[in-house]
Amino acid sequence: MTRKLTYLNYLKQDLLPTQWCPGCGNGIVLKLACQSLEELNFPKKGTVVVSGIGCAGRSAGFFNLDSVHTAHGRAIPVAEGIKLANEKLNVIVISGDGDLLGIGGNHLLHASRRNTDISIICIANAIYGMTGGQYSPTTELGSKTLTTPSGNTDTPIDVQALIKAHNCFYARSTTYHLKHAMKCMVEALKHRGLSFAEIKTQCITNDGRRRGFKNGYEMLMYYKDNYKINNNSNELKHNEIGIVG
Amino acid sequence: MAKILLQGNQAIALAAIKAGMKFFAGYPITPASEILHELTNKKEVKVLQMEDEIASVNAIIGASLAGVKSMTATSGPGFSLMQESIGYAHMMEVPLVIVNVQRVGPSTGMPTFPAQGDILQCKYGSHGDYFPIVFYPNSVDELYKYTITAFNAAEESLSPVILLSDGYVGHLYETIETVDYPVSERAMAPLGTSNRHFTGLTHEDSKPATSNPEVHKKLIKHLETKQKKVSKKYNDYEYIENNSSDTLLIAYGAMSRASYNFKDDYSIFRPIRIFPIVEKIKEIAKKYKEIIVMEMNTGQYKSEVEKLLHREVKLVPILGGKIDLQDIWGGLRRLKRGK
Ligand SMILES: Cc1ncc(C[n+]2csc(CCOP(=O)(O)OP(=O)(O)O)c2C)c(N)n1
Ligand SMILES: [Mg+2]
């Protein structure tokens with residue numbers, strides 16, 4: 001049986017392969033995002049993808065539609081300006097955890113208060129991938145990175161709490177749970193108002209490698225073993241994935 | 001056309017609407033806040049009070065790309081925060097108008113006092129090479145006119161244009177005639193109509209090209225050429241010639257208003273398009289033995305004028321936000337005595 005590959009229409013195929021490392025999870029998110037757009041039949045003209053800076057930030061450029069690659073941390077305010085200037089557009093942000101929650105964290109805090117109608121897909125690899133593997137706002141406690149050689153001591157940001165505090169949409173999944181991750185994206189894209197889909201994504205080169213993983217596959221297995229789907233909760237526990245809505 | 005009494009900041013707001021601005025994002029700051037206040041509740045404009053100036057400038061970048069004329073307004077501290085994104089907008093060729101109503105710096109400085117300390121920041125504030133067009137009017141009437149001009153130049157150059165003002169001119173009340181100045185149309189197709197990629201990376205045909213020096217050289221040349229071409233349309237300056245003087249005074253904005261008091265003893269040149277510096281100054285300067293810039297900083301424009309004219313230029317610096325004719329006069333006399 002051949003699966004229809006029409007989702008590829010959402011990609012600039014001449015730019016493939018991507019420059020992402022072997023074993024990187026970003027391509028999984030990119031593919032699922034395209035499949036979600038297809039599922040919802042989002043028109044290429046009428047949809048805009050916005051990214052910040054980082055490995056994840058390179059996502060926007062692969063879409064076969066108008067896209068914007070912003071300065072580091074600024075995807076959200078640019079997306080808000082786009083949406084407010086033309087309410088008819090579907091505006092989607094795809095960017096990294098450092099970009100959206102670190103340098104751009106204040107924008108997320110306030111965009112969620114404004115409840116601007118944009119969908120945010122966060123490629124949460126718990127690391128600053130592009131710059132070589134420094135710890136990020138979602139790095140787990142105890143995790144060893146380039147800048148936390150003895151283990152991270154900063155509490156990771158609780159995005160769920162931040163988003164829910166302002167009554168916006170929140171979902172969490174991983175790059176192992178393909179169908180679930182896509183469902184999270186589809187629901188996030190359908191949501192009116194600000195939505196945030198956090199997709200735990202493996203970075204073998206600049207994160208997993210330092211934490212004893214041999215390859216991207218082992219990291220996916222880690223997601224498989226450690227994250228349980230819970231779709232009936234309005235507050236996900238640490239190791240749960242689901243749609244809080 | 002109508003005669004109305006307006007504050008400088010108000011004039012900017014009303015002129016922006018005249019120019020077709022549909023989106024404004026800003027963050028409160030003295031002495032620029034009245035622009036935000038004036039626009040709030042104007043039905044023609046979507047107004048957003050953002051969490052900071054970085055958010056403000058990025059929101060207007062998004063709105064402009066989405067197809068509407070957009071503006072933000074701030075003062076020194078906010079203008080500093082915007083610098084990275086100003087370079088970004090140059091790189092992506094986004095038309096914007098950014099108003100900077102200057103106050104005394106550095107840092108928080110003297111918020112309610114006027115200054116001219118951001119002159120070089122306009123030109124060099126962001127990293128990398130870029131070529132901004134900057135207007136600096138000196139009256140409420142001119143703020144109205146040059147707000148519209150700034151929007152036109154932004155559309156024609158596809159770049160962020162800076163409208164400089166200061167706490168003095170911004171808070172001045174004058175009666176003006178609201179002339180119907182011509183307004184340039186949008187030249188760029190809005191987002192959502194194609195498959196372009198807008199990026200701050202060095203790029204060619206909307207594709208990143210980060211390891212090709214030739215592409216980068218071409219891109220920078222393009223930005224420079226474009227600015228030269230568009231600014232030619234706006235060679236705006238004021239020249240008051242005094243045939244009995246061998247000295248030319250150069251002043252702009254608030255200081256140029258003070259300079260009029262010295263026209264019996266000096267010739268006066270006032271650039272309105274302060275960057276790129278109006279070329280006319282080269283020709284005019286030849287007639288004078290001495291050139292003096294008076295400005296509210298320690299010589300920012302003086303150094304730019306020297307660079308352009310390849311000759312020594314003297315300075316009367318007025319610091320601390322108080323424009324006192326005695327001080328200026330004292331400064332001019334000291335220069336005359338060769339001190
Ligand atoms: C203002 C600014 N500071 C720092 C950088 C350098 N920088 C580039 S990417 C990056 C981190 C990106 O991390 P994240 O958003 O998590 O993306 P990832 O690479 O992990 O996908 C940093 C710090 C920059 N480009 N701009
Ligand atoms: Mg990351």
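Placed above this text is the structure.
Described in the following lines is the structure provided in the data block. (Residues numbered from 1 in each chain as written. Chains lettered and ligands numbered in written order. Predicted model: local features only at pLDDT ≥ 70, side-chain atom pairs only at ≥ 80, totals over all residues. Heavy atoms only, no water.)

**Re the overall build of chain A**
Point 1. For chain A, the helix and strand inventory stands at 7 helices and 10 strands.
Point 2. Computed over its C-alpha atoms, the radius of gyration of chain A comes to 17 Å, within 12% of the 18 Å expected for a compact globule of 245 residues.
Point 3. In terms of principal-axis extent, the alpha carbons of chain A reach across some 50 × 45 × 35 Å.
Point 4. Considering only residue pairs separated by 6 or more positions, chain A has 65% of its internal contacts joining residues 24 or more positions apart.
Point 5. Total accessible area on chain A stands at roughly 10,100 Å², and carbon and sulfur atoms take up 52% of it.
Point 6. Side-chain charges of chain A comprise 27 positive and 19 negative groups, with the mean position of each set lying 4 Å from the other. (Helix = DSSP H or I, 4+ residues; strand = E, 2+ residues; numbered from the N terminus. Rg over C-alpha atoms; globule rule 2.2 N^0.38 Å. Contact = heavy atoms within 4.5 Å. Areas by Shrake-Rupley, 256 points an atom, 1.4 Å probe, with all protein chains shown as cover. Lys, Arg positive; Asp, Glu negative; His and termini not counted. Charge placed at Lys NZ, Arg CZ, Asp CG, Glu CD.)

**Structural notes on the nonpolar core**
Point 1. One finds A:Val50, A:Val68, A:Ile82 and B:Tyr301 to be the most contacted residues of the largest nonpolar core, which totals 78 residues.
Point 2. The biggest single contributor to this core is helix α3 (residues 53–65) of chain B, with 7 residues.
Point 3. In terms of domain composition, this core takes at least three residues from each of domain 1 (3–234) and domain 2 (237–336) of chain B.
Point 4. With sequence-adjacent residues up to four places away left out, B:Tyr301 is seen in contact with B:Ile119, B:Ile250, B:Tyr252, B:Pro271, B:Ile274, B:Phe275, B:Ile277, B:Val293 and B:Glu295.
Point 5. Judged by nonpolar contacts, the second largest core, of 56 residues, contains B:Val99, B:Val101, B:Ile318 and B:Leu335. (Core = buried A, V, L, I, M, F, W, Y, C linked by side-chain atoms within 4.5 Å. Buried < 20%, exposed > 50% of the residue type's maximum accessible area, 1.4 Å probe, protein only. Domains from an automatic or database assignment.)

**Quick notes on the pattern of salt bridges**
Point 1. One pass over the structure, following the stated rule, counts 33 salt bridges over all chains.
Point 2. Two residues, B:Lys217 and B:Glu214, come together in a salt bridge whose shortest N-O distance is 3.0 Å. Within this pair, B:Lys217 and its partner B:Glu214 are both found in helix α8 (residues 213–231), separated by 3 residues, close to a single helical turn.
Point 3. Each member of the salt-bridge network shares a partner with another, and the members are A:Glu80, A:Arg114 and B:Glu51. (Salt bridge = Lys/Arg side-chain N within 4 Å of Asp/Glu carboxyl O.)

**Digging into the interface of chain A and chain B**
Point 1. In this complex, chain A contributes 32 residues to the contact, which on the side of chain B involves 33 residues.
Point 2. In total, about 2,600 Å² of surface goes out of reach between chain A and chain B, with carbon and sulfur atoms giving 58% of it.
Point 3. Across the contact surface, chain A and chain B share 2 salt bridges.
Point 4. For the pair chain A and chain B, the number of links is 17 residue pairs in polar contact (both at pLDDT 80 or more).
Point 5. Of all the elements, helix α2 (residues 75–85) of chain A adds the most residues to the side of chain A that touches chain B, at 7 residues.
Point 6. Taken together, the residues that form the side of chain A that touches chain B break down as 12 nonpolar, 12 polar and 8 charged. (Buried area = accessible area lost by both parts, 1.4 Å probe. Polar contact = N/O pair within 3.5 Å; in protein donor to acceptor, adjacent residues only side chain to side chain. Nonpolar A, V, L, I, M, F, W, Y, C, P; charged D, E, K, R; others polar.)

**Points about the sheet that holds strand β1 (residues 47–51) of chain A**
Point 1. Taken together, 9 strands build an open sheet; the order of strands is β9(A)-β10(A)-β7(A)-β8(A)-β4(A)-β3(A)-β1(A)-β2(A)-β10(B) and the sheet is mixed. This sheet does not close on itself; its edge strands, each paired only once, are β9 (228–229) of chain A together with β10 (197–199) of chain B.
Point 2. Pairing geometry for strand β4 (residues 119–124) of chain A and strand β8 (residues 195–200) of chain A, over 6 bridges, is parallel. Along β8(A), the bridge assignment pairs A:Ala124 with A:Lys200.
Point 3. Contacts between helix α1 (residues 26–39) of chain A and the sheet are confined to β1, β3 (90–96), β4 and β8 of chain A, with β4(A) contributing the most and set at about 160° to the helix. (Pairing = 2+ DSSP bridges. Axes fitted to C-alpha atoms, helices over the stretch in contact; angles between N-to-C directions.)

**Some remarks on the coordination of the magnesium ion (ligand 2)**
Residue and element names in this part refer to chain A.
Point 1. Those donors, Asp97 (OD), Asn125 (OD1) and Ile127 (O), are the protein atoms that reach the magnesium ion (ligand 2), and they lie 2.0 to 2.2 Å from it.
Point 2. Sequence positions of the residues that donate to the magnesium ion (ligand 2) give the spacing D-x27-N-x1-I.
Point 3. Taking relative accessible area as the criterion, Asn125 reaches 11% and is therefore assigned buried. (Donors = N, O, S within 2.8 Å, 3.2 Å for Na, K, Ca; no water.)

**A look at the side chain of A:Ser119**
Residues and elements named next belong to chain A.
Point 1. With respect to the helices, strands and loops of the structure, Ser119 is situated in strand β4.
Point 2. Residue Ser119 is classed as buried on the basis of its relative accessible area, which comes to 5%.
Point 3. A distance of 3.5 Å separates the side chain of Ser119 from the side chain of Ser195, its partner in a polar contact.
Point 4. Apart from residues no more than four positions distant in its own chain, Ser119 is found in contact with Val91, Ile92, Val93, Ala188, Leu189 and Ser195.

**Examining helix α12 (residues 325–336) of chain B**
All names here are of chain B.
Point 1. The end-to-end C-alpha distance of α12, which contains 12 residues, comes to 16 Å, matching closely the 16 Å that a straight helix rising 1.5 Å per residue would cover.
Point 2. Residues of α12 that are buried include every one of Ile328, Gly330, Gly331, Leu332 and Leu335, and no others.
Point 3. Check the buried side of α12 and you find it contacts β14 (247–250), α9 (253–259), β17 (290–295) and β18 (314–317).
Point 4. The N-cap residue of α12 is Asp324: its side-chain oxygen and the backbone nitrogen of Gln326 are 2.8 Å apart.
Point 5. Backbone geometry just after α12 places Gly338 at a positive phi near 75°. (Expected span 1.5 Å × (residues − 1).)

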